[in-house]
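Chain residues, written in single-letter form:
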Amino acid sequence: MSEQNNSVWVKPDQPMMWYYLGIGTISAASLLMEVTMTRIFAVAFFNQFAFLIISTALFGFGFSGVFLSIFKGLTKYSFERVLMYSSICFTLTLVLTLKIVVSIPLQFKHLGNDFIQFLYLSIYYISLAVPFFFSGIVIALLLSNFPIKVNKLYFSDLIGAGIGCFLIIPLVPAFGASATIIIASLLGILAAACFARMINKHMLAVCVVISLGLLALLPFSETYFRVKIHEGKRSFNFDEQYGLIEFSRWGPISRIDVADLGNAKNIWIDGGTNQSFMLPFDGDLRKLNPHPQAGLVYQLIDFPDVLIIGPAGGTEVLFALSHRPNSILGVELDPVIVSLVQNEYRDYIGGIYNKPMVTLVNDEGRSYVRRITQKFDIIQQIHNASPVAIASGAVNLSETYLLTVEAFHDYLDHLKENGYIYIKRPGAIRLAVIAAQALRERGINNPEDRMIILFQPANEIERVSGGEFYLKNGEFTQDELDFFKIQKRNIMHAPSAMNVHNKIIEKYRPLIKNPDGWKVYDRLGISMFPVTDDRPFFNHFSKFAHFASLEKTPFELESFMRYYHSPDFSLLIILGEAALLSVIFILLPLSIFKRSGLNTPGKIRFLLYFFSLGLGFILIEIVLIQKFILFIGNPSYSVSVVLFSILIAAGCGSYVSERFQTKLRVALPAVVLTICLLCLLELLFTPAIFNFFLGYNMAVRIVISILLIFPLGLVMGMPFPIGITIVDRISKPLIPWVWAINGYATVIGSVLCTILALNFGFRAVVVIACTIYLVGFTALFSLNRLFQKNA
């Protein structure tokens, strides 16, 4: 019934400690590489494409299992030598991959109509997959040759992965992203040394020599492996047209570049995804005259208390200071920007952030607002995405929790009576839809009469999408309406009492006034529903995979399609390529090779079980990252805390699951049902827990986050080693195959999570993930005869 092909590869007296250290170190190196490469691609391209291309390249992990199953010739070599050489290959190919990704000019905007770009994308996939392939070889070999030690091996694997994702917090700001990749390669050679220790001193010496070479390369890594901004990321090239970049620094959140434009300093965030400016100022506030770009609300409120979310280079602070405010509180997310405006460029901008009435806080805007009790006359946001980023569709898949229904509730809770929310950004008409929903939930019957949207006549983007959004916490007075009416701006939306009528107002008023007005646009393929924390994709204006022709699009929607075109085509290409790789490297070998464990009874159900584990795990992991961003505040810390917590907890779960080896039939359903139950509890109770602890400092919030994540992560780490134990008892040669299918599920799940969240929201993704776990459990548990005999 089962194939027993117990390998004689491993000597029974080998000390397991070095295997545990080796698998943990190679896992740490792989995770550090993955997360750091994501940061590099976020600078060279755009963040969501970076995440998708890296996650898809993980198919190298899966292919390692297929390779081991098909090519049995490796068994003629020393087991430790194969582990050592694979670790060395991981190290060397990682350095080569870094050079490739900073040199090849991949351009996503031409992906659909330029074959060479598709070829470049394939080269990226292959080059990224190769290091993962070699680290996957190490992990798959150890799991398949020590199945009775799978609990402790998987524990070491996940602990190492957790440490690897945590290391990015200190390493990237201290050394830079390219240098961090070199450090990841050093971890790879350290893993090789763990295995070389069991061979002889000569092999250990080889590892030492390679590590010395990497250490010698480390000081020059940021120069030799300089991350280039490829064509299409910026609207112009600083080096050629506007002088050299005079300041550049990696931080925990992004890379910041500053260039001298002559009359101002330009701040590029992640190579051009966002931008800000610093204006020269001598620091004498008495010389400031009221600046017209400060926003009209500054002319309506005397000596206001102002909250500016994302002040960055300080232009909005300078404009606000020109109107003599009582106080300005700026909440800036990026610590590098906070540092440069208070230190390196303090004198250039006149020390505006050091004025007595100005306070600058380094925090995530929404999270900080929820934690304070202070109220303001003006709450302000100015959108700073570069035109290139908008035109490329780069921001369309990025989530923002600053522009949701729940966010407007937070702002209104901190707005004084008759105060204003002032937001200047493209897409202001959708802001009105969101704000109207928030006001309706607060019992306001006519929310459309508390908002005004203005736009500049000469700006085509603002002509349709809106430029200046004003929401008053109270009714407009007639004097205020008259004031807005006489401004040299066109009006997109106005309260009925303003008595202004034009074609644009008449078309958009039903969208704002009617709670279901967005459904008319939805039928045309335009997403205008009120964005919530569960579906925070404000900038994704087109329905998923809706590629409407501009000739058939109503005039008032044409600019939405032109300026906010959907990046879904690139997303679908990436998903399609991931699926194609899965077919080539999983389904075809399954049909071609009828040996190596593939004639095991119920093999399809085993593969479905491990596919479900990989898919369910990655879906829940991504949702947890999203949920905890608002609570912890700093996105970089949030990602690291969630990944570290869930991986460490899953590792502990794997370790504990060893106790279930004699009770697998009882343990497996209990574990899967517990996962589903804890997911349900997370959905129901974490919002209340977040609200209770929101006012505490970050250290407390991080501890609470770990405590909330740990129980779920603990049980999520159990199904994999339990499944490996069952496979080992039925058909040991099937282990590399189930490792492969588990890895491919992670690849598919990374892309699929974005698609599901866009269409259904993150809560639905959790429910889908639980369903997937149940499907996998049902598939394995349905092997009743085999299960009873072997478990």
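The structure contained in this document is the topic of the report that follows.

Axis separation between helix H4 (residues 79-101) and helix H8 (residues 201-217) bottoms out at 12 Å; the angle between their running directions is 10 degrees. The orientation of H4 relative to H8 falls into the category roughly parallel. Classified by chirality, the crossing of H8 by H4 is left-handed. Residue-level inspection shows Arg81, Met84, Tyr85, Ile88, Thr91, Leu92 and Val95 of H4 in contact with H8, the latter providing Met203, Val206, Cys207, Ile210, Leu214 and Leu217. Within the contact of H4 with H8, the residues separate by chemical class into 11 nonpolar, 1 polar and 1 charged.

Below, the discussion takes up the state of the cysteines. Enumeration according to the criterion identifies 0 disulfides in this entry. Cysteine Cys194 remains unbridged, with the sulfur of Cys207 as its closest cysteine sulfur at 9.1 Å. Under the relative-accessibility criterion, Cys194 is labelled buried at 7%. Cys676 takes part in no disulfide bond, and the closest cysteine sulfur to it belongs to Cys770, at a distance of 4.3 Å. Among the residues examined, Cys676 registers a relative accessible area of 17% and is labelled buried.

Further remarks concern the pairing of strand S8 (residues 376-382). Most of S8 is tucked away, with 7 of its 7 residues classed as buried. Sheet analysis places strand S5 (residues 305-309) next to S8, joined by 4 bridges and oriented parallel. Looking at the pairing, Ile308 lines up with Gln380 of S8. Sheet analysis places S8 next to strand S9 (residues 415-424), joined by 6 bridges and oriented parallel. Along S9, the bridge assignment pairs Gln381 with Ile423.

With that out of the way, let us pick up the pattern of salt bridges. Within the structure shown, the criterion is met by 17 salt bridges. In this structure, Asp305 engages Lys416 in a salt bridge whose closest nitrogen and oxygen atoms are separated by 2.7 Å. Remark: Lys416 occurs in strand S9 and Asp305 occurs in strand S5; sequence separation between them is 111 residues. Note on Asp305: relative accessible area 12%, which makes it buried. Overlapping salt bridges bring together Arg366, Arg370, Asp410 and Asp533 as one network.

Our focus in this paragraph is the packing of aromatic side chains. Under the definition given, this model contains 26 aromatic pairs. For the pair Phe41 and Tyr124, a centre-to-centre distance of 5.4 Å together with 55 degrees between the ring planes defines the contact as tilted. Taken together, the residues Phe41 in helix H1 (residues 16-44) and Tyr124 in helix H5 (residues 115-145) connect sequence positions 83 residues apart. Taken individually, Phe41 and Tyr124 each receive the classification buried, so the pair is uniform in this respect. Summarising the aromatic geometry, the rings of Phe476 and Phe484 are spaced 6.2 Å apart at their centres and angled 85 degrees between planes, so their arrangement reads as edge-to-face. Residue Phe476 is classed as buried on the basis of its relative accessible area of 11%. A relative accessible area of 1% places Phe484 in the buried class. The ring of Phe529 carries the charged tip of Arg430 above its face, separated from the ring centre by 4.9 Å. Taking the ring centre of Phe538 as reference, the NZ or CZ of Arg430 above it sits at 6.0 Å.

What follows covers helix H29 (residues 762-781). Three or four residues apart is the spacing at which side chains of an α-helix point the same way, because the helix has 3.6 residues per turn. An ideal rise of 1.5 Å per residue puts 28 Å on 20 residues; H29 measures up with 29 Å between its terminal C-alpha atoms. Turning to H29, its buried residues number three or more, namely Phe762, Val765, Val766, Ala769, Cys770, Ile772, Tyr773, Gly776, Phe777, Ala779 and Leu780.

Another aspect to go through is the sheet that holds strand S3 (residues 265-269). Strand order in the open sheet formed by 4 strands is S1-S2-S3-S4, and the pairing between neighbours is antiparallel. Where the open sheet ends on each side, the last strands, each with one partner, are strand S1 (245-250) and strand S4 (274-278). Across the sheet, the axes of successive neighbouring strands diverge by a mean angle of 20 degrees, strand direction being ignored. As paired strands, S1 and strand S2 (residues 255-260) are joined by 5 bridges and run antiparallel to one another. The residue bridging Ser248 from the neighbouring strand is Asp257, located in S2. Packed onto the sheet, helix H12 (residues 335-342) meets S1, S2, S3 and S4 and runs at close to 135 degrees relative to S1.

Moving on to the environment of Met716. Among the secondary structure elements, Met716 is positioned in helix H26 (residues 698-716). Met716 sits 64 residues away from Cys652 along the chain, and the two C-alpha atoms are 10.0 Å apart.

The rules behind each value
- Residues numbered from 1 in each chain as written.
- Predicted model: local features only at pLDDT ≥ 70, side-chain atom pairs only at ≥ 80, totals over all residues.
- Heavy atoms only, no water.
- Axes fitted to C-alpha atoms, helices over the stretch in contact; angles between N-to-C directions.
- Helix = DSSP H or I, 4+ residues; strand = E, 2+ residues; numbered from the N terminus.
- Parallel < 35°, antiparallel > 145°, perpendicular 65-115°, else oblique.
- Left-handed = near helix turned anticlockwise from the far one by under 90°.
- Contact = heavy atoms within 4.5 Å.
- Nonpolar A, V, L, I, M, F, W, Y, C, P; charged D, E, K, R; others polar.
- Disulfide = S-S within 2.5 Å.
- Buried < 20%, exposed > 50% of the residue type's maximum accessible area, 1.4 Å probe, protein only.
- Pairing = 2+ DSSP bridges.
- Salt bridge = Lys/Arg side-chain N within 4 Å of Asp/Glu carboxyl O.
- Phe/Tyr/Trp six-rings, centres within 6.5 Å; stacked < 30°, edge-to-face > 60°.
- Lys NZ or Arg CZ within 6 Å of the ring centre and 35° of its normal.
- Expected span 1.5 Å × (residues − 1).

Read these as spatial facts, not as claims about activity.
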